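Listed here are the chains, written in short residue letters.
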Amino acid sequence: MEEQQAGEHTVYLGECALSRLETLLTDQQRPARAFILGDERTLELCLDELLAHVPVLGNALTIEVRSGEKSKDITVCRALWTHLAEHAADRDTWLICLGGGVVTDLGGFVAATYMRGIRCVHVPTTLMGMVDAAIGGKTAIDMAGVKNLVGLFAPPVGTFVHTGFLRTLGKRELLNGVAEMIKHGLVRDAAHWHAVRRAPLHDLRALPALIARSAAIKAAVVTEDPRESGPRKLLNFGHTIGHALEAFALEGAQRPLLHGEAVAIGMICESWLSWRLGHLDREKMDAIQEHLLGLYPPFLLTPTDHHRVIELMRNDKKNREGGFRFTLLSDIGQALIDIPVTAAQAADALDHYRLLAIDVPPRHHQEA
Ligand SMILES: NC(=O)c1ccc[n+]([C@@H]2O[C@H](COP(=O)([O-])OP(=O)(O)OC[C@H]3O[C@@H](n4cnc5c(N)ncnc54)[C@H](O)[C@@H]3O)[C@@H](O)[C@H]2O)c1
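Residues numbered from 1 in each chain as written. Predicted model: local features only at pLDDT ≥ 70, side-chain atom pairs only at ≥ 80, totals over all residues. Heavy atoms only, no water.

### Side note on the overall build of the protein chain
Tallying secondary structure elements over the protein chain gives 15 helices and eleven strands in all. The C-alpha radius of gyration computed for the protein chain amounts to 20 Å, which stays within 12% of the reference 21 Å derived for 368 residues, consistent with globular compactness. Expressed as a percentage of its 368 residues, the buried residues of the protein chain come to 55%. Across the protein chain, the fraction of contacts at a sequence separation of at least 24, relative to all contacts at a separation of at least 6, is 77%. (Helix = DSSP H or I, 4+ residues; strand = E, 2+ residues; numbered from the N terminus. Rg over C-alpha atoms; globule rule 2.2 N^0.38 Å. Buried < 20%, exposed > 50% of the residue type's maximum accessible area, 1.4 Å probe, protein only. Contact = heavy atoms within 4.5 Å.)

### A look at the side chain of His184
Considering the arrangement of structural elements, one finds His184 in helix H7 (residues 171–188). The exposure class of His184 is buried, given its relative accessible area of 0%.

### Observations regarding a nonpolar patch on the surface
Side chains of Ile74, Met143 and Leu149 sit close together on the surface and give an oily, nonpolar patch of about 200 Å² of accessible area. By secondary structure assignment, the location of Ile74 is in helix H4 (residues 74–86). On the basis of relative accessible area, Ile74 is assigned to the partly exposed category, the value being 32%. (Patch = residues over 30% accessible without salt bridge, like charges linked within 9 Å, V, L, I, M, F, W, Y side chains within 5 Å. Areas by Shrake-Rupley, 256 points an atom, 1.4 Å probe, with all protein chains shown as cover. Salt bridge = Lys/Arg side-chain N within 4 Å of Asp/Glu carboxyl O.)

### Notes on the sheet that holds strand S2 (residues 9–13)
Hydrogen bonding along the main chain pairs the strands of a sheet, whether they run parallel or antiparallel. Here seven strands make up an open sheet; going across it, the order is S1-S2-S9-S6-S5-S3-S4 and the pairing mixed. Across the chains shown, the open sheet's two edge strands, defined by having one partner strand only, are strand S1 (2–6) and strand S4 (61–65). Between one strand axis and the next, the sheet turns through 20° on average, direction left out of account. For strand S3 (residues 33–39) and S4, the ladder comprises five bridges, and the chain directions are parallel. What sits directly across from Gly38, in S4, is Glu64. Relative to the sheet, helix H1 (residues 17–26) contacts S2, strand S5 (93–99), strand S6 (119–124) and strand S9 (158–161), its axis offset from that of S9 by approximately 145°. Packed onto the sheet, helix H9 (residues 207–224) meets S1, S2 and S9 and runs at close to 30° relative to S1. (Pairing = 2+ DSSP bridges. Axes fitted to C-alpha atoms, helices over the stretch in contact; angles between N-to-C directions.)

### Quick word on the side chain of His352
Take His352: it is sitting in helix H14 (residues 343–358). A relative accessible area of 16% means that His352 is categorised as buried. Setting aside residues up to four positions removed in sequence, His352 forms contacts with Trp272 and Gln289.

### A look at unusual backbone geometry
We note that Met115 has phi near 50°; this positive angle belongs to a residue other than glycine. A residue is classified by how much of its surface remains accessible, and Met115, at 40% relative accessible area, is partly exposed. Even without being glycine, Glu228 reaches a positive phi, approximately 55°. Along the chain, Glu228 turns up in the loop between H9 and helix H10 (239–250).

### Section: the site of the ligand
Near the ligand, the surroundings consist of 26 residues, among which Asp39, Glu69, Thr125, Thr126 and Thr168 are the closest. At a separation of 2.8 Å, an oxygen atom of the ligand approaches a polar side-chain atom of Lys72. Within the backbone of Gly101, a nitrogen or oxygen atom sits 2.8 Å from an oxygen atom of the ligand. Protein contacts shield 90% of the accessible area of the ligand, which totals 860 Å² for the unbound molecule. Of all the secondary-structure elements, those providing two or more residues to the shell around the ligand are helix H2 (40–45), helix H5 (101–113), helix H6 (127–133), strand S8 (146–153) and H7. Taken together, the residues that form the shell around the ligand break down as seven nonpolar, nine polar and ten charged. (Near = heavy atom within 4 Å. Polar contact = N/O pair within 3.5 Å; in protein donor to acceptor, adjacent residues only side chain to side chain. Nonpolar A, V, L, I, M, F, W, Y, C, P; charged D, E, K, R; others polar.)

### A closer look at the packing of helix H11 (residues 259–276) against H14
H14 packs onto H11 with a crossing angle of 120° between their chain directions and a minimal axis gap of 9 Å. Comparing the axis directions of H11 and H14 gives the class oblique. Here H11 runs over H14; the crossing is right-handed. Packed against H11, whose contacting residues are Ile265, Ile268, Cys269, Trp272 and Leu273, the element H14 presents Gln345, Asp348, Ala349, Leu350, His352, Tyr353 and Leu356 at the interface. Tallied by class, residues from the contact of H11 with H14 come to nine nonpolar, two polar and one charged. (Parallel < 35°, antiparallel > 145°, perpendicular 65-115°, else oblique. Left-handed = near helix turned anticlockwise from the far one by under 90°.)

### Here we look at the confidence of the model for the protein chain
When pLDDT is averaged along the protein chain, the result is 93; 96% of the residues meet or exceed 70. Every residue in residues 364–368 scores below 50 in pLDDT, and together they form nine contacts with partners more than four places removed in sequence or on other chains. (pLDDT = per-residue confidence, 0-100.)

Below you can see the structure in the form of structure tokens.
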């Protein structure tokens, strides 16, 4: 088993990660009373496997929320706080979050606020959760149409990564997490970028080593800067434009974009900006762009869509202090934070992507 320190919490990876959770729960002075929070899919597909590895949770009560981003909502929190209270959950109660980023963001927030904080454990079941969302202690719900508007830094007791859960995850969801793995390589580790680029992603046996490396990169960055005052901004590469595109897609122009799909487009735009502003060599920008265009379906933009996307970038809570500050690449494996970018330059980057997307062969639509 591998262990990585991510700021205040530990990430356990490998064959024995769930046995480690069993030991943690059974080692408590008093038997731990636990609730397992999952969504419709994770309780159906992952709960039996969790209980097989962590039998001490056999008596835990399960709480189900609906699958999807809509569950990161204050009405769901209210229902969960009420449910915990009605079932006499107290400061000694544990909340086990079994699911993707929605369940760990929501469960982390509810656990951190119920009775001023009860113990919380993350058992991620999506690739996005294993390499990103369940690591680093950020919790949040969405409000007023803004993603992750309300939340707090509240590290779990531990994150237990069991890659066996990925067997039931669809290809689109898998690629969703791959985008964050690519980002980890691009901002921190060129060897990881090359390894993810060459990996046979359809072969689940190839994934555990790559997941472990990505989780280690995220954990190391979080440890350097748990509250995102500096180095953690490295992880925002692809996200300034990516978040705005994700919100734009939700407004219904065409199909909704998953977070990782939006970040992949954001990385194409922001690699282009890195080159345009003189930080990144052209052939490296071309290699990044070619790989991402080959992996993710094109998102078609009209020549005027950038007006709305830039507006959404201004609404993003991270861009509220004035001009845009981007994380850009200076090389593959190296990033620069807080680079000023004008709205006109961001619009040019979006236009660059718009023209590229027109030329992508349509086969990708079927694969998604
Ligand atoms: N806190 C952070 O640092 C952080 C980082 C990245 C993303 N996030 C958040 O994470 C969320 C996205 O996470 P996600 O991509 O995991 O989405 P998700 O939690 O919605 O899961 C995606 C879908 O996969 C299903 N699913 C989960 N595990 C499965 C499995 N093993 N087999 C089959 N289906 C399964 C879910 O039911 C859901 O329908 C967003 O809300 C985002 O804001 C948070």
